[in-house]
Amino acid sequence: MKKYILILFALTTLTMGCKKFLDEPIIGRQNTDNYFKNEADCQAAVIACYFGTHSDQWYELDRSQMMGDALSDDAFKGNSIPGDQALFGDITRYKFDSNNEWFGFRWTTLWRGVGNCNFAIEGITKAPIADDLKQKLIGEAKFLRAYCYFELVKSFGGVPLVLDVPDPQAVLSVTRSSKQQCFDQITKDLSEAAAVLPEKGTLSGDQIGRATKGAANAYLAKAYLFTEKWADAQKYADLVINSGQYRLEPSFSNVWSVRNRNGVESIFEFQYNADQTFNLGTALTTLTRSRADGGWGFDTPSSNLEQAFLKENDPRLKWTIIKQGDNVGAKTANFDYSNYDTKLSENESGRITRKFYLAPADRPANELSHAPLNIIQMRYADLLLIHAEAAYRSGNEGLALTSLNKVRERANQLNPGTVLPRTSSGAQLLNDIWQERRLELAMEGHRYYDLVRQHRLVQVIKDFYTYNNSTSTDLYDKGNPKGAAISEIHNLFPIPQQDIDLSKGVLTQNPGF
């Protein structure tokens, strides 16, 4: 289906590009009147929605993983070479600029996803195919559109709501909707998707990995968590828990294994195959690995994150961080994996993330952009912790403890007796839930967005700066100045200036930029 993906990508990208492109006449345009002729066309359109929602281009992979980590106390830019992706480094040190291309990458990638979804929904609605298939395919496209809007809103705040396939010039005249209006549309799309999508357990063959009822309900729970509608967040988390479709992977060490694609814990993940003919795969494994081990060295975990594990004697540390000198395998002729080298001269913290680490035997030839590791966006442990927080906020501390301790019980299996059940209450219980999110989901792209929605980004990063410069005794990242520039404006990203200019000011900027 790759050929269809490329065609639809070219047809449906929202016009957030250069003015010169907008002035060119459209030649041989294929539209919804002459494309959606049969089931194959409709299926291809939905596959294009998945492709457009995420990317196999390395510079667009900042969306969920790298920025969510490196904008928090969990990680740094990592690669300490001054001129190597300096603009990404500026972002991680809270030097936000509306002309920074990394904000543009995130914005454009997500709008491309919205455009593909709108194209599919409009076309499939009128397609001559069986009604049950039509509803399922539209449900998938609505789920993916909701995903894109969720990512846009949590990064940029309220954005334009574009729910059809408008004329390119018309897009530029759409004003920003409020954050709540956007979330109202997100929950509408997710609710409609949940009503028609199948459960995970009914999928087989090449359907595995596509959007499900459980994924839609899980994202409903998360959307309501972000809007502080606690009862609704608990309600939809309960639906996922009670569905019986998901359970925690028996061992935490296997959650991110390249051999555990779409495992029992996975609710939604992006699918990657190491297909060099069609240029398929992810680059994230290369981007985050040590430069001494053939990687690029970005998004390196902090000593502050390591200390969070060590303070609780938490065995998840081993499966989250690889530190200078750690043993992760046997010595080979080219590299000593029993004494891992993070290339300290080019690494801000002397650490790399283990969750995206591939052992040499699992690395395909020409690994950059071709690794077969799926990128998990939502897993059952995350859902349980959403449930715990929503239950706590709704006044049910007993239920909150139950969901929290399910996650801790699995962690304890790595080294029995180390991760004991929580028995806290009141404000301490909420802090324990937040801490569990940090430890369980570390380096998965959640931390920055969690700190923002918890209304504590600025204070946590100020404390992080103090730790680095006053408290830390770490050999590698002590004294790092990250956090000195933090302020309340950093709770949102700036809207890319080029898009404000294209709209002639219709698209307004976030405060402070």
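Residues numbered from 1 in each chain as written. Predicted model: local features only at pLDDT ≥ 70, side-chain atom pairs only at ≥ 80, totals over all residues. Heavy atoms only, no water.

(A) Structural detail: the overall build of the protein chain. Each helix and strand in the protein chain was counted, giving 19 helices and six strands. Computed over the C-alpha atoms, the radius of gyration of the protein chain is 22 Å, within 12% of the 24 Å expected from 2.2 N^0.38 for a compact globule of 513 residues. With the C-alpha coordinates aligned to their principal axes, the bounding extent of the protein chain is approximately 65 × 50 × 50 Å. For the protein chain, with 513 residues in total, the buried portion stands at 59%. Counted over contacts in the protein chain with a minimum sequence separation of 6, partners at least 24 positions apart contribute 72%. Of the roughly 19,500 Å² of accessible surface on the protein chain, 51% is carried by carbon and sulfur atoms. (Helix = DSSP H or I, 4+ residues; strand = E, 2+ residues; numbered from the N terminus. Rg over C-alpha atoms; globule rule 2.2 N^0.38 Å. Buried < 20%, exposed > 50% of the residue type's maximum accessible area, 1.4 Å probe, protein only. Contact = heavy atoms within 4.5 Å. Areas by Shrake-Rupley, 256 points an atom, 1.4 Å probe, with all protein chains shown as cover.)

(B) Structural view of the nonpolar core. Counting residues in hydrophobic clusters, the biggest one holds 122 residues, and the most contacted among them are Ile124, Phe143, Leu152, Val159, Ile186, Leu383 and Phe493. Considering every element that reaches this core, the biggest residue donor is helix α7 (residues 131-156), with 14 residues. Not counting the four nearest positions on each side in its chain, Phe143 is found in contact with Leu190, Ala193, Leu197, Ala211, Ala215, Ala216, Tyr219 and Phe268. Core analysis: the second largest hydrophobic core is formed by nine residues, Leu305, Leu439, Ala442 and Met443 among them. (Core = buried A, V, L, I, M, F, W, Y, C linked by side-chain atoms within 4.5 Å.)

(C) Broad picture of unusual backbone geometry. Phi angles above zero are rare outside glycine, and Glu228 is one such case at about 60 degrees. Counting through the fold element by element, Glu228 comes out in the loop between α10 (213-226) and α11 (230-242). Relative accessible area serves as the criterion here: at 38%, Glu228 is assigned to the partly exposed category. Within the chain, His455 stands out as a residue other than glycine whose phi angle is a positive 60 degrees.

(D) View of the side chain of Lys482. Summarising the element assignment, Lys482 is placed in the loop between α18 (457-471) and α19 (497-502). We note that Lys482 is buried and unpaired, the nearest opposite charge coming from Asp73 at a distance of 7.4 Å. For Lys482, the side chain forms a polar contact with the main-chain oxygen of Ser72, separated by 2.6 Å. Not counting the four nearest positions on each side in its chain, Lys482 is found in contact with Ala70, Leu71, Ser72, Ala75, Phe76, Thr92, Tyr94, Phe464, Tyr465 and Asn468. (Lys, Arg positive; Asp, Glu negative; His and termini not counted. Salt bridge = Lys/Arg side-chain N within 4 Å of Asp/Glu carboxyl O. Polar contact = N/O pair within 3.5 Å; in protein donor to acceptor, adjacent residues only side chain to side chain.)

(E) Structural context of the environment of Asn242. Turning to its location among the elements, Asn242 is positioned in helix α11. Note: C-alpha distance between Asn242 and Asn262 (20 residues apart in sequence) is 20 Å.

(F) Spotlight on the packing of helix α9 (residues 179-196) against α10. Where α9 meets α10, the axes come as close as 8 Å, and the angle between the chain directions of the two elements is 160 degrees. Considering the angle they form, α9 stands roughly antiparallel to α10. Of the two possible hands of crossing, α9 and α10 adopt the one that is left-handed. For the pair α9 and α10, contact is made by Phe183, Ile186, Thr187, Leu190, Ser191, Ala193, Ala194 and Ala195 and by Lys213, Ala216, Asn217, Tyr219, Leu220, Ala223, Tyr224 and Phe226, respectively. Class assignment for the residues of the contact of α9 with α10 results in 12 nonpolar, three polar and one charged. (Axes fitted to C-alpha atoms, helices over the stretch in contact; angles between N-to-C directions. Parallel < 35°, antiparallel > 145°, perpendicular 65-115°, else oblique. Left-handed = near helix turned anticlockwise from the far one by under 90°. Nonpolar A, V, L, I, M, F, W, Y, C, P; charged D, E, K, R; others polar.)

(G) How the structure looks around the confidence of the model for the protein chain. For the protein chain, the mean per-residue pLDDT works out to 91, and 92% of the residues sit at or above 70. In the model, residues 1-28 has pLDDT below 50 throughout and makes 50 contacts with residues more than four positions away in sequence or in other chains. (pLDDT = per-residue confidence, 0-100.)

(H) Structural detail: the pairing of strand β2 (residues 266-270). By the criterion of burial, β2 is predominantly enclosed, with five of the five residues buried. Looking at chain direction, β2 and strand β6 (residues 375-379) are connected through four bridges and run antiparallel. The residue of β6 that forms the bridge with Ser266 is Arg379. (Pairing = 2+ DSSP bridges.)

(I) Expanded view of the environment of Leu220. Within the secondary structure layout, Leu220 lies in helix α10. Not counting residues up to four positions away in its chain, the partners in contact with Leu220 are Thr187, Leu190, Ser191 and Tyr236.

(J) Geometry of the pattern of salt bridges. The tally for this structure, following the rule as stated, stands at 39 salt bridges. A salt bridge links Glu346 to Arg291, with the nearest nitrogen and oxygen atoms 2.6 Å apart. Of this pair, Glu346 sits in the loop between β4 (321-323) and β5 (351-353) while Arg291 is found in the loop between α12 (284-287) and β3 (300-301), placing the two residues 55 residues apart along the sequence. Owing to a relative accessible area of 19%, Glu346 belongs among the buried residues under this scheme. The partner of Lys343 in a salt bridge is Glu346, with the nearest N and O atoms 3.6 Å apart. Where salt bridges share partners, they join Glu265, Glu312, Asp314, Arg316, Lys355, Arg379, Arg408, Arg410, Arg422, Glu436, Glu440 and Glu444 into one cluster.

(K) Region of interest: α9. Here α9 contains 18 residues, and its C-alpha end-to-end distance of 26 Å stays within 8% of the 26 Å for a straight helix at 1.5 Å per residue. Those residues of α9 lying buried are Cys182, Phe183, Gln185, Ile186, Thr187, Asp189, Leu190, Ala193 and Ala194. Close packing links the buried residues of α9 with α7 and α10. (Expected span 1.5 Å × (residues − 1).)

(L) The packing of aromatic side chains, seen in detail. Scanning all chains against the criterion turns up 33 aromatic pairs. Ring centres 5.8 Å apart and planes at 40 degrees place the aromatic pair Phe76 and Phe464 in the tilted group. On the criterion of sequence distance, the pair formed by Phe76 in strand β1 (residues 75-76) and Phe464 in helix α18 is long-range, its members being 388 residues apart. The same class applies to Phe76 and to Phe464, which are both buried. Centre to centre, the rings of Phe335 and Tyr340 are 5.2 Å apart; their planes meet at 65 degrees, and the pair counts as edge-to-face. (Phe/Tyr/Trp six-rings, centres within 6.5 Å; stacked < 30°, edge-to-face > 60°.)

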